[in-house]
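Chain by chain, the residues:
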Amino acid sequence: MAQDAAPPRGAPISDIDPFTPANILDPYPWHQALRETGPMVWLSRYGVFMAPRHAENFAIVADHQTFCSSGGVGYANFFKEKPWRQPSMLLEADQPDHTRRRAIVGRILSAPNLRGLKAGFEVEANALIDKLLDQGEVEAVFEVSRAYVLKVFPDAVGIGASGRDNLMKYGAMVFNAFGPQNDIFHDSARDLGEVSAWIMEQCEHKNLRPGGLGDQVYQAVPSGAITADEALILVRSFLSAGVDTTVHAVGNALWSFATNPAEWAKMKANPGIVRTAFEEVLRYESPFQTFFRTTTRDVEIGGVMIPANEKVMLSVGSANRDPRKFERPDAFDVSRNLQGHVGFGYGIHACIGQMISRLENEVLLTELARRKVDFEVCGEATRTVHNTLRGFSKLPLRFTQN
Ligand code: OVM
């Protein structure tokens, strides 16, 4: 399993395996252990360096020339092995192509261009809340996170109403594929051919609603800014990255507030704090936990020498709970200073969908708070065993209005 890199001399070594089900379900103790082991730790099971602290996570993503993305942002090194799918034109690309494409998609996903979506999201959120109050007890992953995100996001992109469960299946493959090729990945990839074919069909221009976010990508083709082939794979990015992440974020937000009722009380008293509150959810329970970069040259960081063409693992989850950066990092506190959290990444590859993710989450949380809805965990919550994403597969909640 380990890559072919030689074990480093003098660097701290750990045999912790971040990708066992037990370590996935309970990452914070071993994150802490690794942060205390050193600024860069050699993971002997995988033959990669990992950055457990905030400072190195930040420095690595800031230096996109040394720590590149075209080698893939998962454990697999695309310079040494064939990617499992055609690489993303944004995520798994470097300058200058990345920059050119990002300019187009970034404008489409910018706050001003998304403003028109808010009223519709509010209608959906309120219809959902009516239903939740009617039902009382619900399994929130299915009936809140998925129901809401699978409605509003694909509608915004402009794909059809049927078959949307394929988006969940595809997201599971895409994000598990950033980890090692373990059982978790293989289980998620069982219907790979069928699901990928469905996804690619949705990305065709003729299948996208005129005026939707997907169609807007194709509108950049005639000017020559991007090619039609690029447009297809850029729309695929919407469907790859925009669903599972946000579904997990909604679930993590509900869990964080349900288990920290004093923080929810602050939200009900002042729904205007939703902006910071959602950022705190991303810090406290980061949906996107880990990713990788590939070195383009020999580089020294955190006191270790990393040779060229090696994978480096970054831990968003660990960086966001580093006590060197955040006071009382294990407390969920919507009043804290969140400057520098890396829940949406940082630098030229920072999450391009962050404005629509915020819009979806902020609308739902604002409407729940404004309507003085309370929710508590009313059964056994089950976390997802997932190579990259942190969230729930079952979250029973009881909704009441006070
Ligand atoms: C993409 C893509 C897929 C998964 C995640 C992501 C976190 C991007 O296809 O561009 O960003």
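Up top is the structure.
Within each chain, residues carry numbers counting from 1 in the order of the written sequence. Residues qualify for local features only when their pLDDT is at least 70, as the model is predicted, and side-chain atom pairs are given and counted only at 80 or more; totals for whole chains, interfaces and linings, by contrast, use all residues. The side-chain numbers reported here are obtained from all heavy atoms of the structure, hydrogens and water having been left aside.

Q: Can you walk me through the overall build of the chain in this structure?
A: Counting from the N terminus, the helices are the DSSP runs of H or I reaching at least four residues and the strands are the DSSP runs of E reaching at least two. A count of helices and strands for the chain gives 17 helices and 13 strands. Here the globule rule is a power law, 2.2 Å times the number of residues to the power 0.38, and the radius of gyration is based on C-alpha atoms. Computed over its C-alpha atoms, the radius of gyration of the chain comes to 21 Å, within 12% of the 21 Å expected for a compact globule of 402 residues. Contact definition: two residues touch when any of their heavy atoms are within 4.5 Å. Partitioning the contacts of the chain with sequence separation of at least 6, the portion at a separation of at least 24 is 72%. Methods summary: accessible areas were calculated by the Shrake-Rupley approach with a probe of 1.4 Å, and residue burial reflects only the protein chains presented. If you sum the accessible surface of the chain, you get close to 16,100 Å²; carbon and sulfur atoms cover 53% of it. Charge assignment in this entry is limited to Lys and Arg as positive and Asp and Glu as negative, and neither His nor the chain termini are counted. Lys charges are placed at NZ, Arg charges at CZ, Asp charges at CG and Glu charges at CD. Between the averaged position of the 42 positive side-chain charges in the chain and that of its 47 negative side-chain charges there is a distance of 3 Å.

Q: Any chance you could explain the packing of aromatic side chains here in plain terms?
A: Centre-to-centre distance and the angle between the planes together describe a pair of aromatic rings. Any pair of Phe, Tyr and Trp rings, taking the six-membered ring for Trp, is counted once the centres come within 6.5 Å. Such a pair is stacked with planes under 30 degrees apart, edge-to-face with planes over 60 apart, and tilted for the rest. For the coordinates displayed, the defined rule picks out 16 aromatic pairs. Ring plane angle 70 degrees and centroid distance 5.1 Å describe the contact between Trp 42 and Phe 49, whose orientation is recorded as edge-to-face. Of the two residues, Trp 42 and Phe 49, neither departs from the other in class, the shared state being buried. Residues Phe 257 and Phe 332 carry aromatic rings whose centres are separated by 5.1 Å and whose planes lie at 80 degrees to one another, so their mutual orientation is edge-to-face. Taken as a pair, Phe 257 in helix 13 (residues 244-258) and Phe 332 in the loop between helix 16 (316-319) and helix 17 (354-370) lie far apart in primary sequence, 75 residues in all. Using a 1.4 Å probe on the protein chains alone, a residue whose accessible area is under 20% of its type maximum counts as buried, one over 50% counts as exposed, and one in between counts as partly exposed.

Q: Can you walk me through the sheet that holds strand 9 (residues 311-315) in this structure?
A: By definition, the strands of a sheet pair up through backbone hydrogen bonds, in either a parallel or an antiparallel sense. What the six strands build is an open sheet, ordered 1-2-3-9-6-4; its pairing is mixed. The open sheet has two edge strands, strand 1 (13-14) and strand 4 (67-68), and neither has a second partner. DSSP bridges decide pairing: two strands pair if at least two such bridges lie between them. In this structure, strand 1 lies alongside strand 2 (residues 41-43), joined through two bridges in parallel fashion. Within the sheet, the bridge partner assigned to Ser 14 lies in strand 2 and is Leu 43. Angles run from 0 to 180 degrees between N-to-C directions of axes, and those axes are lines fitted to C-alpha atoms, restricted for helices to the stretch in contact. Lying over the sheet, helix 2 (residues 27-37) contacts strand 1, strand 2, strand 3 (48-51) and strand 9, oriented at roughly 125 degrees with respect to strand 2.

Q: Quick question: what am I supposed to make of the sheet that holds strand 5 (residues 137-139) here?
A: Read from one edge to the other, the open sheet built from three strands follows the order 5-13-10, with strand pairing classed as antiparallel. Unpaired on one side and paired on the other, strand 5 and strand 10 (373-377) mark the two borders of the sheet. Each strand axis lies, on average, 30 degrees off the axis of its neighbour in the sheet, ignoring direction. In this sheet, strand 13 (residues 396-401) lies alongside strand 5 in antiparallel orientation, the contact comprising three bridges. Paired with Glu 137 across the bridge in strand 13 is Arg 398. Running at roughly 75 degrees to strand 5, helix 7 (residues 140-157) makes contact with strand 5 and strand 13 of the sheet. Here helix 13 sits on the sheet and contacts strand 10 and strand 13; the angle it forms with strand 10, its principal contact strand, is near 90 degrees.

Q: Got a minute to help me understand the site of the ligand in this structure?
A: The cutoff for a nearby residue is simple: one of its non-hydrogen atoms must lie within 4 Å of the molecule or strand. Around the ligand, the structure places Arg 85, Ser 88, Leu 91, Val 174, Phe 175, Phe 178, Ser 237, Ser 240 and Ala 241. Pairing of N or O atoms within 3.5 Å defines a polar contact, subject to two protein rules: one partner must be a possible hydrogen donor and the other a possible acceptor, and residues neighboring in sequence count only if both atoms are side-chain atoms. One nitrogen or oxygen atom from the side chain of Arg 85 is found 2.9 Å from an oxygen atom belonging to the ligand. Surface burial for the ligand is 87%, taken as the share of its 300 Å² of free accessible area covered by protein chains. Elements represented by at least two residues in the shell around the ligand include exactly helix 8 (165-176) and helix 12 (228-241). Element by element, the count of residues in the shell around the ligand is highest for helix 12, at three residues. Of the residues that constitute the shell around the ligand, the class distribution is five nonpolar, three polar and one charged. Residue type decides the class: Asp, Glu, Lys and Arg count as charged, Ala, Val, Leu, Ile, Met, Phe, Trp, Tyr, Cys and Pro as nonpolar, and the leftover types, Gly among them, as polar.

Q: Please clarify how the packing of helix 7 against helix 8 should be interpreted in this entry.
A: Two measures define how a pair of helices packs: the angle their axes make with one another and the distance between the axes. Contact geometry of helix 7 with helix 8 gives a least axis separation of 10 Å together with a crossing angle of 100 degrees. The angle between the axes of helix 7 and helix 8 places the two elements in the roughly perpendicular class. On the side of helix 7, the interface is formed by Arg 146, Leu 150 and Pro 154, while helix 8 contributes Asp 165, Leu 167 and Met 168. For classification purposes, an angle smaller than 35 degrees is called roughly parallel, one larger than 145 roughly antiparallel, one from 65 to 115 roughly perpendicular, and anything else oblique.

Q: How do you make sense of the packing of helix 15 (residues 274-284) against helix 17 when you look at a structure like this?
A: Packing of helix 15 against helix 17 leaves a shortest axis separation of 10 Å and a crossing angle of 115 degrees. By the criterion of interaxial angle, the relationship of helix 15 to helix 17 is roughly perpendicular. In the packing of helix 15 onto helix 17, the handedness of the crossing is right-handed. Side by side, helix 15 and helix 17 meet where Val 274, Arg 275, Phe 278 and Glu 279 of the first sit next to Ser 357, Arg 358, Asn 361, Glu 362, Leu 365 and Thr 366 of the second. Tallied by class, residues from the contact of helix 15 with helix 17 come to three nonpolar, three polar and four charged. In a left-handed crossing the near helix is turned counterclockwise from the far helix by less than a right angle, and in a right-handed crossing that turn is clockwise.

Everything listed here is a matter of geometry and, on its own, says nothing about what the molecule does.
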